[in-house]
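Below, each chain spelled out in residue letters.
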Amino acid sequence: MKHSLLAAALLASCLAAAPRAPAVPAPSAPSDPPPRLAIYPGDLTLVEEIETVRLPAGRTRVRLDFVRGNADVASLDVVPLDHPAAVRVVALERRDDLPNATFVELEADAAVAERLRISYAAHGLSSAVHYLAVHDAGARTLDLLQGLEVTNGSGESFEAADVQSVFGDVKTVSPAAVLHGRAPDPDPAAPAGLPAPPMRQELAEHTTVAFGESVALPAGVTIRRPTLAHAAAPATIEYRYDAAVHPRITRVLKVENREGAGLGGVTLQPGSLYLAERRADGSERFLRTGAVAHLPPGKELELEAGVASDMAVERELLDLARTELVFGEYNRALVSYAVEEGYRLEIRNHAAEARPLVVTEHVAGTTTFEVVESTVPATRKDQSTLQFKAEVPAGGTLELRYRVKKTNVQP
Amino acid sequence: MTAILAPFALLAALARPAAPDEGFVELTVPAKPDATTLLLTSDAPASVVETRAVSLVRGTNRLRFDWSRERVDEGSVRFDVQPAAGTAEIAARTKIHRLGGMLYFDVEASEDTAATLATRYLLYGVGWRVDYVGLLPSEGAPDALALRLDVEVTNNAGKDLEDARVRFEGGEIDHLSLRPGERRQVEVFRLEGVPVIRRYLWDPARFGGTPAIQLEIENAPGGPIARELLPAGKIRIFAARAEGGPALLGEDVFPATPLGEKAKLATGNARDLVVERIVLQVGNENERRDRWNKVVAYDQRAKVRFKVRNGFSHDTTLTLFETPGAPLEIVSCSAPYERKKADAIEIQAALPAGQETIVEIEWLRKNLF
């Protein structure tokens with residue numbers, strides 16, 4: 001093999017029963033593409049290489065040695081590509097005394113040069129997605145740049161490789177879990193009793209990110225390339241106040257992600273985030289680092305952008321009264337009662353523009369309650385959460401008063 | 001080379017012709033940036049922007065970004081290239097792990113051109129704090145004070161800051177040079193005639209049994225301060241004395257105060273105001289009992305008297321905080337009061353100079369259990 005992640009050496013030898021010319025790698029196979037690396041979450045990489053070999057007629061035994069690169073020998077899969085009807089993989093053999101070697105027994109109807117697709121799982125390669133998001137407060141846009149970073153810690157260098165990163169929930173099954181005839185061996189170093197089947201994967205709804213054109217990937221190197229760039233996607237800011245989450249008003253950047261709008265309906269893979277804000281004078285202010293969760297097409301991108309320093313809120317419980325005490329008929333013990341609570345939120349906006357605000361209030365102690373009075377319409381979000389949507393005037397104050405009556409409260 | 005002398009350096013070397021087998025030109029740019037800007041915030045490492053003038057050649061230019069002793073957040077390092085002509089894009093960044101603190105950036109330029117290279121990164125170890133100093137003209141004229149803001153920048157980042165522009169919440173320093181291990185304090189502003197409101201508060205839960213002195217300063221639009229944000233810091237309040245230098249009235253933490261908000265400072269206690277709280281009555285009524293005669297619900301009526309002596313030579317007002325708890329109904333109060341919370345009241349007691357004032361309050365708490 002002119003190249004292998006694991007420096008697999010393709011040796012050939014004749015079977016004793018079929019003493020024919022040995023299979024050798026074709027001396028000139030310039031058209032063989034570079035290896036393809038599909039990097040999955042959880043330290044798993046599928047390596048796929050195309051190698052051209054010359055096979056004599058009859059059976060041939062080819063030895064693949066995995067010298068470096070942390071490969072999973074048991075996952076090897078060899079498929080003839082050019083003459084699938086005339087060239088067959090008869091068996092894969094492994095020996096306890098040569099744990100890094102696999103013997104591929106091939107049978108060819110006639111002497112032929114055949115391209116073999118050799119695929120196997122390897123470890124030590126990893127990928128990660130990084131996002132740089134810059135919010136322009138004046139233009140109300142968001143620049144989003146996605147970079148895919150590939151790290152080669154496998155110990156093997158690639159002169160060139162086609163890399164793609166796979167994201168999603170990928171289920172893998174240990175070969176030991178599907179051995180028949182004996183219990184799975186708890187010692188992974190112990191010799192297997194039966195040849196393990198190739199690693200099988202259930203790839204459900206995963207997405208891939210291509211790394212672009214072939215890349216030289218030496219061992220011990222991390223390379224990052226831009227893989228997605230959205231400039232000036234329209235962004236809105238929603239101001240939120242939830243005393244249970246943060247004592248101050250927070251800002252959330254929202255960018256649409258549907259076809260023809262915002263990000264255009266893309267899938268964003270989970271990754272790290274560097275969020276900054278561009279000011280009117282062109283300078284940038286670092287806001288935070290964090291993470292972007294998986295974002296499917298159609299779902300709005302939401303990024304928390306810190307507190308709104310030019311807004312302030314004061315929240316007070318202004319009034320509380322207990323009424324409707326219910327006593328048991330037999331023991332006259334207190335069974336339940338009602339509580340009326342009056343709250344006042346004074347929200348001050350020192351900015352020169354009116355701002356939309358979503359206030360979330362949690363009603364504790366009971367799930368049976370009603371809003372008996374409110375200066376801003378209340379929406380019941382769930383059984384114990386109220387939501388108020390209002391606009392805080394520019395340079396002004398919004399007073400939100402509401403009164404909630406809780407019934408059937410247990411003492 | 002420069003990586004040792006100036007630990008944080010973009011490796012400098014002139015552009016050399018592209019080797020056929022490499023396919024790129026390793027470019028060297030001046031180790032010393034043309035301009036450096038630091039943005040300091042209260043909750044994040046320093047955000048650094050450096051700009052340099054470079055010359056790009058057509059094709060791939062490989063720029064090397066070195067750091068060894070600087071506490072750079074590697075994940076935050078990025079380049080922005082603004083070419084004078086044509087286009088230039090960052091195609092890839094490469095980290096060679098055995099080389100430690102170093103990154104390569106590959107810049108694809110459409111033509112030979114001069115360019116401005118902006119390097120942005122987060123730098124740990126640059127600390128800052130602010131100190132306010134308030135000077136009242138005299139203890140008898142507390143309507144306005146002179147307010148001064150100093151900022152001290154500390155460099156423990158392992159990087160030489162030379163003629164850097166430092167911006168922080170509430171101000172900026174145009175030219176700051178600071179070597180590693182140094183700190184420098186500079187004045188940001190000094191304002192005269194900042195209105196201040198003085199109050200006396202009696203709130204045992206917050207200030208103990210002696211009335212506290214509270215000063216209120218407003219960062220009002222159009223006012224003498226009128227700053228987008230006053231950062232949090234320590235403030236020392238002095239008052240001028242006729243007999244000599246100013247006297248320290250007290251210190252407090254000046255809260256972060258955006259434009260339009262007020263900062264309330266508690267600088268000490270007013271011992272000449274003496275408050276005596278006397279519980280005149282606490283009793284249960286309207287008791288409801290269960291089958292075994294155990295009280296399961298009741299109302300509670302209480303009456304409290306405050307005896308307040310004003311030892312000042314001038315009239316003043318003291319705010320008394322009383323927190324009976326909720327539910328709460330005020331039955332009567334001999335002084336003006338305000339309910340700002342469900343479980344507490346604030347009583348404004350007017351105190352004539354040198355006299356004792358009596359304030360009585362009665363409340364009822366219904367349906368306790």
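Please refer to the structure higher up on the page.
Below is a short write-up of the structure. Position numbers for residues start from 1 in each chain and track the written sequence from start to end. Chains and ligands are labelled by the order in which they are written, letters from A for the one and numbers from 1 for the other. Local features in a predicted model are, by the rule used here, given only for residues with pLDDT of at least 70; side-chain atom pairs are given and counted only at 80 or more, and totals for whole chains, interfaces and linings are based on all residues. Only hydrogens and water are removed before side-chain values are computed, so all heavy atoms of the structure are retained for them.

1. Quick notes on unusual backbone geometry
Residue and element names in this part refer to chain B.
- Looking along the chain, the bond that leaves A326 and enters P327 is cis, with omega of -5°.
- Note on conventions: DSSP H or I runs of at least 4 residues are helices, E runs of at least 2 residues are strands, and numbering of each starts at the N terminus. Along the chain, the position of P327 falls in the loop between β23 (316-322) and β24 (329-333).
- Look at A226: it is not a glycine, yet its phi comes out positive at around 45°.
- Within the secondary structure, A226 is located in the loop between β15 (212-218) and β16 (229-230).

2. Here we look at the pairing of strand β21 (residues 273-289) of chain B
- Two strands qualify as a pair provided that DSSP identifies no fewer than 2 bridges between them. Relative to strand β22 (residues 295-310) of chain B, β21 of chain B runs antiparallel, the two sharing 14 bridges. Bridge pairing in β22 of chain B places V274 of chain B opposite R309 of chain B.

3. Remarks on the pairing of strand β23 (residues 334-349) of chain A
Residues and elements named next belong to chain A.
- The buried fraction of β23 amounts to 14 of the 16 residues, a majority that puts the element mostly inside the structure.
- The pairing of β23 with strand β28 (residues 397-409) spans 11 bridges and is classified as antiparallel. Note that in β28 the partner of E340 across the bridge is K405. When a residue's accessible area, from a 1.4 Å probe over protein chains only, is under 20% of the maximum for its type it is buried; when over 50% it is exposed; and in between it is partly exposed.

4. Considerations on the environment of A297 of chain B
- Counting through the fold element by element, A297 of chain B comes out in strand β22.
- Judged by relative accessible area, which is 0%, A297 of chain B ranks as buried.
- Distance in space between the C-alpha atoms of A297 of chain B and E285 of chain B is 9.6 Å, their sequence separation being 12 residues.
- Two residues qualify as a contact provided that any one of their heavy atoms is within 4.5 Å of a heavy atom in the partner residue. If we ignore the near neighbours within four places in the chain, the residues touching A297 of chain B are L325 and F327 of chain A together with N286, E287, R288, L368 and F369 of chain B.

5. Details of the side chain of K95 of chain B
- By the element assignment, K95 of chain B lies in strand β7 (residues 88-96).
- Side chain to side chain, K95 of chain B and E74 of chain B meet in a polar contact 3.2 Å long.
- Once residues lying within four places of it in the same chain are set aside, the contact partners of K95 of chain B are G220, V221 and T222 of chain A together with E74, G100, G101, M102 and L103 of chain B. Within 3.5 Å is the distance limit for a polar contact, defined as a pair of N or O atoms, with the added protein rule that one can donate a hydrogen and the other accept it, and that residues adjacent in sequence qualify only through two side-chain atoms.

6. Side note on the interface of chain B and chain A
- Listed per partner, the contact involves 41 residues of chain B and 39 residues of chain A.
- The quantity reported as buried area is the accessible area (1.4 Å probe) lost by two parts once they are put together, taken as the sum for both. Counting the surface lost from both chain B and chain A, the interface buries some 3400 Å², and carbon and sulfur atoms represent 53% of this.
- Of all residues in chain B, R78, R291 and F369 of chain B bury the most surface against chain A, accounting for 16% of the area lost on that side.
- Each reported salt bridge corresponds to a side-chain nitrogen of Lys or Arg within 4 Å of a carboxyl oxygen of Asp or Glu. In this assembly, chain B and chain A are joined by 5 salt bridges.
- In this structure, E261 of chain B and R348 of chain A form a salt bridge, with 2.6 Å as the shortest nitrogen-oxygen distance.
- Where chain B touches chain A, the interface holds 15 residue pairs in polar contact (both at pLDDT 80 or more).
- Under the scheme applied, nonpolar residues are Ala, Val, Leu, Ile, Met, Phe, Trp, Tyr, Cys and Pro; charged residues are Asp, Glu, Lys and Arg; polar residues are all the others, including Gly. Its residues assigned to classes, the side of chain B that touches chain A shows 19 nonpolar, 8 polar and 14 charged.
- Bridging between strand β15 (residues 221-242) of chain A and β7 of chain B involves 4 bridges; their strand directions are antiparallel. Bridge pairing in β7 of chain B links I223 of chain A to T94 of chain B.

7. A word on the nonpolar core
- Here, nonpolar core refers to any group of buried Ala, Val, Leu, Ile, Met, Phe, Trp, Tyr and Cys residues whose side-chain atoms link them within 4.5 Å. L38, L40, L56, F306 and L318 of chain B are the most contacted members of the largest nonpolar core, which totals 79 residues.
- Per element, the largest residue contribution to this core is 7 residues, and it comes from strand β14 (residues 183-202) of chain B.
- When neighbours within four sequence positions are excluded, F306 of chain B is seen to be in contact with W202, V275, E276, R277, L320, E322, I347, T357, I358, V359 and I361 of chain B.
- Core analysis: the second largest hydrophobic core is formed by 57 residues, I39, V62, L64 and V150 of chain A among them.

8. What about the environment of G290 of chain A?
All names here are of chain A.
- Topologically, G290 is positioned in strand β20 (residues 284-292).
- The exposure class of G290 is partly exposed, given its relative accessible area of 29%.
- The spacing of G290 and L275 is 15 residues in sequence and 8.1 Å in space, taken between C-alpha atoms.
- Excluding anything up to four places from it in sequence, G290 contacts G271, S272 and L273.

9. A closer look at the sheet that holds β23 of chain A
All names here are of chain A.
- The sheet built from 4 strands is open, its strands ordered β22-β23-β28-β25 with antiparallel pairing. Each edge of the open sheet carries a strand with a single partner, namely β22 (311-327) and β25 (369-374). With direction set aside, neighbouring strand axes in the sheet form an average angle of 20°.
- Bridging between β22 and β23 involves 14 bridges; their strand directions are antiparallel. Bridging from a neighbouring strand, T323 pairs with A338 of β23. Helix axes are fitted to C-alpha atoms over the stretch in contact, other axes to C-alpha atoms as well, and angles between N-to-C directions run from 0 to 180 degrees.

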